[in-house]
Every structure is written in C-alpha cells, then in structure tokens.
Amino acid sequence: MKESQPSAIYLKDYKVPPFLIDKTELTFDLDEATTIVTSRLHMRRNPAFGKSTAPLILDGGEDVKLIGVAMDDYALPPEEYRISEDKLIITATADEFVLTCETLIEPQNNTRLEGLYRSSSMFCTQCEAEGFRHITYYLDRPDVMSVFTTTIIADEARYPVMLSNGNEVERGKTDEGKTVVVWHDPFPKPAYLFALVAGDLAVKNDVFTTQSKRDIKLQIFTESHNIDKVDYAMEALKRSMSWDEETYGREYDLDIFMIVAVDDFNMGAMENKGLNIFNSSCLLASPETTTDDTYLRVEAIVAHEYFHNWSGNRVTCRDWFQLSLKEGFTVFRDQTFSADMHSETVKRVEDVSFLKTAQFAEDAGPMAHPVRPASFIEISNFYTLTVYEKGAEIVRMIHTLLGAEKFRAGSDLYFDRHDGQAVTCDDFVAAMQDASGFDLSQFKRWYSQAGTPIVTVTDSFDEATGTYRLTMKQDTPVTPGQPTKLPLHIPVRVGLLDEQGVALSAEVNGVVAEDHVLHLKSSEQEFEFSGLTAKPVPSLLRGFSAPVKLRYDYSSKDLLLLLSADSDGFNRWSASQQLAVNEITTLINQAIEGKALSIDSQLVHGFKALLNDETLDPAMVALILALPSQAYLSELANPIYPAAIKQARQYLKIQLANALSPDFERVYRKHKIQGEYKATAQDIAHRSLKNIALSYWLEADSELAQQEVVTQFKTANNMTDQFAALSIAVNSQHNKAAELLAAFYEQWKSEPLVVNKWLMLSASQEQQTALATVKDLMAHPAFDLKNPNKVRSVLGGFGQSVAGFHKEDGSGYHFLADQIIVLNKRNPQIASRLCTPLTRWKKMQPELSVMMKAELERILAEDLSKDVYEVISKSLA
Ligand code: ARG
Ligand code: ZN
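Residues numbered from 1 in each chain as written. Chains lettered and ligands numbered in written order. Predicted model: local features only at pLDDT ≥ 70, side-chain atom pairs only at ≥ 80, totals over all residues. Heavy atoms only, no water.

**A look at the overall build of the protein**
So the rule is basically this: Secondary structure elements follow DSSP: runs of H or I no shorter than four residues count as helices, runs of E no shorter than two count as strands, and numbering proceeds from the N terminus. Just to be clear, the radius of gyration here is over C-alpha atoms, and the globule rule we use is 2.2 Å times residues to the power 0.38. The classification of residues rests on relative accessible area computed with a 1.4 Å probe and restricted to protein chains. Under 20% of the type maximum is buried, over 50% is exposed, and intermediate values are partly exposed. Should any heavy atoms of two residues lie within 4.5 Å, those residues are counted as being in contact.
Assigned secondary structure in the protein consists of 27 helices and 34 strands. Its C-alpha radius of gyration of 28 Å places the protein within 12% of the 29 Å reference for a compact globule of 877 residues. Summarising its shape, the C-alpha atoms of the protein cover approximately 85 × 65 × 60 Å along the three principal directions. Within the protein, the fraction of its 877 residues that count as buried is 60%. Summarising the internal contacts of the protein: among those between residues at least 6 apart in sequence, 70% fall at separations of at least 24.

As structure tokens, this is what we get:
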C-alpha cells in the first residue's frame, strides 16, 4: 500500500476556472518512440473568477516530460515554474498571454490507452475524460472551451492519413521531407473532445445532404483489410443524421464527419468533434463474421456518438459530475432511435432487462452512486450503468411526464439556450420545465439520490361504488453516504384488465382512459379508479415507466393472463419473467436446502400458447422464452448461491423442454429463413426465435436435435446462426462441443473479432476444468494482454462460468485478483472494471464471500492506481 492514498474531489467544491484558453495551437511531431508536442495556448484570466492573482496550474501526467515552457515567447527559467503532483505551476502571469509548452511523450509505451497511443500500426487518441493531460499540460476540464488548430508532422510513407478535428486547411512538406497537415476546428471545445489519428488507412467515402441542403462528406477509415466491413456503419450513420433532423431538429454543423476504427480501445467509442474514434468491435460488420446483436450494437453506437455532436459537443458538461447530462440524454436518444428503426417493444425489453440486471446490481453494491455523483476519486470509474442507463431512464421519465410535444419544446430550448456552453443537469431540467410549465422540482431528486426505489402496491375493490383503489408505497434503500432518502416523483403507468384479459376503461381524476400515468410523489399514496364492475387485474408500470422494483402480489393466474392478453407488450414480457422468477426461486430454495428439485411449472401453459400463436412477433416470443439470466437471478438473490441458481435455472429449462419438445421442434423448423442474410428486424426476429427453440429442443435430449445443432453449425451462411449453434452446443455440454469449438477457431483464426467471441465462449464453459481452460486461453497465441477486447472476452467470459469463477476453493477469485494486480499499472481503467464481480462479495453465500473479501484485501495491499484503489477501498468499506 502507498503512504498516502488518493483523495476524493467534490461537486460542492466546484469553482469556475481562473483562466480561459481562447485558442489552442498544437503541433505533433509524430514518432512511435518519442513524439514532441508543442502547444501555444492563448490564455487570459477569467473575468467570471473575479479579481485574482492565483497562480496558473496546468494538468499533466507522470508520462509527460516537459522540455520547455515560455510565456509570450520568453523562455521561463526553472525558478519561474515548478512541477508538483503532475501539475505545472506558474506563479506569475500577466492578465493575457500566450503560453508555449514543449512536451515529450512516448506513444508506444502508452499502455493505459489514454492520451496519444499506438494501436496496431496507427496513432490514435482517447482524451475523455482526463486523457488530454497525458499529451501536454493544459486546463483539462470540460468548462474550458477553446478553438483548436492542430498541425501533424509525420512520415507520409507510413502515415499517409493524418486526421484531427474540423477541416483540413493546409498540407505541405518540411525541409526533411516529412508531411505537414493542418486541421482547424471552428467550434470551441473542451480538450476531452480533441482527437488525432495517423496511419496507413483505407477509407470509405459517402455524402449526406442535410435538410438545409448542405452536402456533408462522410468518411470511415479502417486498416485496409477491414474496409469491406464498414458499409453497415455508413448506412447507420446516414440514418442517424436524418433521424436527428426529424426527431430533434438537429442538423450536422461541420462539412466533414469522420469515423476511425481502432483495435485497442478501452471503451466502445468516442464522440470527438468531427472525428469519432471507435473500438473496431463496435463498428465493423459483415454477415459472415458478425452476429445480429452486434449489428444492432454497431447501429446504436454509431448513432450514439453521432448524436453527441449536439448532446455533448455543442452543449457540453460544466464538470464531470454532470456526465449524465450528455450520456443519459444521448443514451435515451440512441435507444429511441433504435426503437424507431426496429421494434419499440423489443428494444424496450432488451434495455430494461439490461438495466434490471446490471444497473440494479450496481445500485445495490458498494459503488452505488447518484446519476449525478457528489464525489469521486477517479472519474473513469463513473462511466457507469447508473450514469448512462439510469440517466437515460430519468430523461425517459421526463418524456413521459411532459409528453412528446413538450419534451421536444424542452430540448429545443435546451439546445438554443446553451449552444456553445458547458452546463449542468440542473440547466437541462430547467429548460424542460421552462418550455413545458411542468413542475420538475421534486423530480430532480432522481439526479441526487442513489439506490433503486422499491414501489410496493396493494389494492382493494369496493363493489358498492365500483371503485378500485391502488395503494402505493415507495422506499429507497440506504446506499453508501446516503443514510436517509426522500420520496421521489415516480410516474407509474397503469392499465386494467378484466378476467378475460379485455382492457378496461376507468376514470382517474376525471379522466377516462384505458391507460393512466399516476404520479407517485409521497412515501405512501392512494389512487382511485372508478366506473368498474368487478375487481380488475392491474397491469402496473407499463413500458417500465420508472426504474424501480415493483412489488405486487400477483397470482400465477394473473401473470398468465397478463402474459397472454396485456395490450402493453412490455408487460407481457414482464409477466413471463415474474412467473419464471417465482418458479426458479422455489427451485433455488430446494437446491440450497439440498432437496431434490421438483415443480409443476405453470409456464408450460403460457409457453405452449405462445408457441402456437401465429399472430405474435417472433422476436417477442423469443424474449419471453428466454429464462431470467444467471446474472439477473443473482441480482434478485440475497445471499447469492451461484451453483443453486444455475441448477434451478437448468432444471426449469429441461422441464419446459421435455413438456414442449414437439412445439420447439416445429417452431425451430418453421422459422428457418432461406436466402441471403439481412440484419432487418424481421429476419433477426426469426433467427432469434429459431435459435432459442433449438436450445430448448436440444435440452429434451433429442438425437435429432443433436444432429441439427451440428448441421446448423456447419451449413449456416451467417455468423448469427453459426455462433448460436456453437453456443448452444457448448452450453448444453453437447458431446461434440469441444470438436466444434476447435473447428470454429480453425475457420476464423484470421478474424480477430470472431476470435474474441470464441475466447469468450471458451472461457465461460461450465466444467470442473474451467480454471485450467482460462489459463490456457491466456497463453494462447490469440490472446493479447494489451488488447482490452481480448482481456474482456477471456476474463468476462470466465466470470460467467459458475464452475470456474465460483470454484469452491476460491481459486477462481484468486486468479482474477492476480490479473487485476497485473493490469493495475498497465491499464488502470481495464483493471478497475475487472474488479466488479469481486466487489459483490457482501451478497455472496458465506463460504464464497470470505474468499472474495480476502482477495480484495490482497489487492488493496498493492501500490494501486487511483482507479483500482477507489473501487477496492469502497467495496471493503
Ligand atoms: N463519451 C464516450 C461515449 O459514451 C465514452 C468515453 C469514455 N471514456 C473513458 N475513458 N471513460 O460515447
Ligand atoms: Zn456517450
């Protein structure tokens, strides 16, 4: 452990910057080993800071070497500046001056993948959140916005493509024959949106004509062997550009928009102004190598980064506590976009399922934090599901409360009012409130209060008056640093069904409708529905109108009714999940008590009806057939018994498979599509239903199904079907699983993104030898510790293996801790993310919990990066 530990910074301490940087001129003399960066910063004291003689303090990094610093071309002697804790401090400055800094950085030794680094044969950057300080000394904070001009000097033969933000304005040669390219971005921006790319890249060109008839040049760059895989991303980009014009009235502003794919990237992608940089796994797509879910992810992330041009770049964040201002809003925008491109209900189910599994777990764990955190040690740790996904739910609730039209008026006002500014979540809410007249003052607590609220609903029916009453209680659990919670403003969308499943109209507060948004604002509140003749079945929280845990004592009969008849597609899915959770919970308890598992599953009836209903969207049927995941069941459990959960889930699956085997076989055959692969909602739906039907059919121990899995693996004309067959074989421990895995690697070893899928699946296997398997994988030639995608595939896959990760002797935890310790210094961001499964130790069954805790303590004894220190220390607190 270090002598002194990193300390937290607080939202309440925010002060405007003492200095501004009107213009930033950067010159990069690019070289793999040592790149020289010269910056000329046109600075002045910030009038908003008030009269001050405060010293100039610039952010830097331990990997930045200062060569020299000058003020108005006067080279500062060493006694006029100092470097302390990575900061460059200059005591005496004029009110206005040009600061010149020369720094040396080593791109090829940059393993953190923040700042300027090498990925394969190219140079690229990642500056969000605080990466720019690893390039040169700067006021690296989002409220310092500057106009950037970037000069890149490099050897043209090796780096024919040299890119930065904005427009290329000059191109020439140095005396030594190197190429010089100058880029200028007219829009003032914070340093986190700076980008530079250089490499020998292929390009795909296209054009988009905006609504005001401006032609925008679109370019996607990749290494040449991947350029045949960018067509889908290009089309998705054009769809995003049109959608943002139609839905938000937002037109693109520069004349050129570029995207570059890089192999080594900590996150998914980055919205740098005019020059988005993508993890190649989130951009490249081809039918042979890419599965349906990745197609959809590529489309969503292309849209997400593009949408940031307005929600993030034109209007940015004042400070990093406001991260959800851009991320929550932009996730909401990309979710709605994908819903519009495909199916609204399917998209909603997928998003909610993810939220309830992963974000709810975060909100219940040691790193629980508000959507607008009050403090952090390392901001990179706050690119979380809470900031992104729960943040998007907050924006969605505002949309629900205001209605589409007023929401749009609110977003128009927000963009107009704050264009070119760095603002806060309060400013966003204020624009929504001002444009709509809707009081959002209590609603704003959603930004500052952590934890998932529990809404408990009871009901009663008064025969005499035909009145149905719902009583709702809300309660938000205690989270770290927040011992008491205030009531939230929760929109609860509700409909009522009669015994036959027919939608009922009822009157609430003078409004007669089949669907009502109730405003739950107190800790306990009653709602009255009048005009009914019998007690209805309530369909609660339709469309998942708020990110809460809903408790209502539904009978299996009610749930089957909702599953078969609710007009709200989302709640049909929700009812099926609840039924399955109830049954699996019974089975889990039997397993924990060491009893033989047994259940008379009611789901059989629901599934039978679904499998025989030709009118349903096959995608919805597939979602309903998918049993709640191990991860979701773990989120619900306390304590978590991983092996019992796995056993219970598997037991129910086999029960359903045995009871409905002919139905699954028929559905499997019926939904096979002939012909060319298309990533359309319709074809994706057929494939998803077909493949889940196959997975059940195989569990029924059918010889025919076993053959069919192998046939599909061998004959599929697309990766979705081939990989589905492989996963099904591996997950069911098919006797050909190992053979198919080996064949798959042989077939695809020259396609890294496919190999990553193979790594993940191989690492997730449920065998007693799982730990040995993962160790072999890390020694495999396909593995590379420097590549975050590969690390995530192998260690993420391993985390899913109950037999491997949760091995009774704790060796799985020990192994993961070893990897975290290795990566801690090399790549703190990735190391920190890998800690997540261990941080859930408090909820784990006692024998496993103590071993997890011991590993956390072992990690804490190391000399830790800020990233890992924050996560580990908070989870042990
Ligand atoms: N702004 C990017 C996005 O959401 C994510 C960048 C995160 N980078 C990081 N180092 N945490 O699209
Ligand atoms: Zn984003």
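**Remarks on the site of ligand 1**
Note the following rule: Proximity is defined per residue: any heavy atom of the residue falling within 4 Å of a molecule or strand makes that residue near it. Polar contact criterion, stated in full: a pair of N or O atoms within 3.5 Å, where within protein one must be able to donate a hydrogen and the other to accept it, and residues adjacent in sequence count only if both atoms are side-chain atoms. Surface accessibility in these figures is a Shrake-Rupley result with a 1.4 Å probe; residues are shielded only by whichever protein chains are displayed. How far each domain reaches was decided by an automatic or database domain assignment.
Surrounding ligand 1, one finds 14 residues, the nearest of these being Glu128, Glu271, Glu305, Glu327 and Tyr388. One of the side-chain N or O atoms of glutamate 327 is found 3.0 Å from a nitrogen atom in ligand 1. Glutamine 829 places a polar side-chain atom, nitrogen or oxygen, 3.2 Å from a nitrogen atom of ligand 1. For ligand 1, whose unbound accessible area comes to 350 Å², protein coverage reaches 97%. Looking at the shell around ligand 1, you find at least three residues from each of domain 1 (24-308) and domain 2 (315-447).

**Some remarks on helix α26 (residues 846-860)**
Each α-helix winds once per 3.6 residues, and so residues spaced three or four apart point in a common direction. As a reminder, the rule being used: Given the number of residues in a helix, its expected span is that number minus one, multiplied by 1.5 Å. Each direction from the helix axis to a C-beta atom contributes to the arc, which is the arc of those directions.
An ideal rise of 1.5 Å per residue puts 21 Å on 15 residues; α26 measures up with 21 Å between its terminal C-alpha atoms. By the burial criterion, the buried members of α26 are Leu848, Ser849, Met852, Glu855, Leu856, Ile859 and Leu860. All buried residues of α26 lie within an arc of 140 degrees about the axis, which places them on one face of the element. Where α26 is buried, its residues touch α14 (642-670), α22 (802-805), α23 (811-826), α25 (836-839) and α27 (866-876).

**Observations regarding the coordination of the zinc ion (ligand 2)**
As a reminder of what qualifies: Here a donor is an N, O or S atom found within 2.8 Å of the metal, or within 3.2 Å if the metal is Na, K or Ca; sites may look incomplete because water is not among the atoms. Only two sets of limits are used to name each site, 85 to 135 degrees for every angle of a tetrahedral four-donor site, and over 155 degrees for opposite donors with all other angles from 65 to 115 for a square planar four-donor or octahedral six-donor site, with any other site named irregular.
In the first shell of the zinc ion (ligand 2), the protein supplies His304 (NE2), His308 (NE2), Glu327 (OE) and Glu327 (OE), at 1.9 to 2.8 Å from the metal. Between the six donor atoms coordinating the zinc ion (ligand 2), the angles at the centre fall across 46 to 160 degrees, so the site counts as irregular. Positions of the donor residues of the zinc ion (ligand 2) along the chain correspond to the pattern H-x3-H-x18-E. Of this pair, histidine 304 sits in helix α2 (residues 292-307) while glutamate 327 sits in helix α3 (residues 323-341), and the two are 23 residues apart along the sequence. Grouping residues by exposure puts histidine 304 and glutamate 327 together as buried.

**A few points about the sheet that holds strand β2 (residues 19-29)**
Which entries qualify depends on this criterion: For two strands to be treated as a pair, DSSP must find no fewer than two bridges joining them.
Strand order in the open sheet formed by eight strands is β6-β5-β9-β3-β2-β12-β15-β14, and the pairing between neighbours is mixed. The open sheet has two free edges, formed respectively by β6 (74-75) and β14 (167-173), since each of these has just one partner strand. Relative to strand β15 (residues 179-189), strand β12 (residues 146-154) runs antiparallel, the two being bridged by eight bridges. Of the residues in β15, the one forming a bridge with threonine 150 is tryptophan 183.

**Focus on the UniProt feature "domain: Peptidase M1 membrane alanine aminopeptidase" (unreviewed entry) in the protein**
To keep it simple, the criterion reads: UniProt positions are given in the numbering used here, feature names are shortened, and annotations may be inferred rather than shown by experiment.
Residues given the UniProt feature "domain: Peptidase M1 membrane alanine aminopeptidase" (unreviewed entry) here are residues 232-446. The distance separating the terminal C-alpha atoms of residues 232-446 is 37 Å; by composition the span is 55% helix and 9% strand.

**Describing the pairing of strand β9 (residues 96-105)**
Of all ten residues in β9, eight are buried; the element is thus mostly enclosed. In terms of strand pairing, strand β3 (residues 35-45) meets β9 through ten bridges, oriented antiparallel. Of the residues in β9, the one forming a bridge with histidine 42 is valine 98. As paired strands, strand β5 (residues 65-71) and β9 are joined by six bridges and run antiparallel to one another. When the sheet's bridge partners are listed, methionine 71 is paired in β9 with leucine 99.

**Quick word on the domain arrangement of the protein**
Using the following cut-off: Summed over both partners, the accessible surface that disappears when two parts come together, traced with a 1.4 Å probe, is what is meant by buried area. Amino acids are sorted into nonpolar (Ala, Val, Leu, Ile, Met, Phe, Trp, Tyr, Cys and Pro), charged (Asp, Glu, Lys and Arg) and polar (every other residue, Gly among them).
The domain boundaries assigned to the protein delineate domain 1 (24-308), domain 2 (315-447), domain 3 (454-553) and domain 4 (554-701). The gap between the C-alpha centroids of domain 2 and domain 4 is 31 Å. Between domain 2 and domain 4, a total of about 1,100 Å² is buried, with carbon and sulfur atoms accounting for 78% of that surface. It is Val349, Lys356 and Thr357 in domain 2 that bury the most area against domain 4; as a group they hold 43% of the surface buried on that side. Along the contact surface separating domain 2 from domain 4 lie zero residue pairs in polar contact (both at pLDDT 80 or more). A class-by-class count of the residues in the side of domain 2 that touches domain 4 yields six nonpolar, five polar and three charged.

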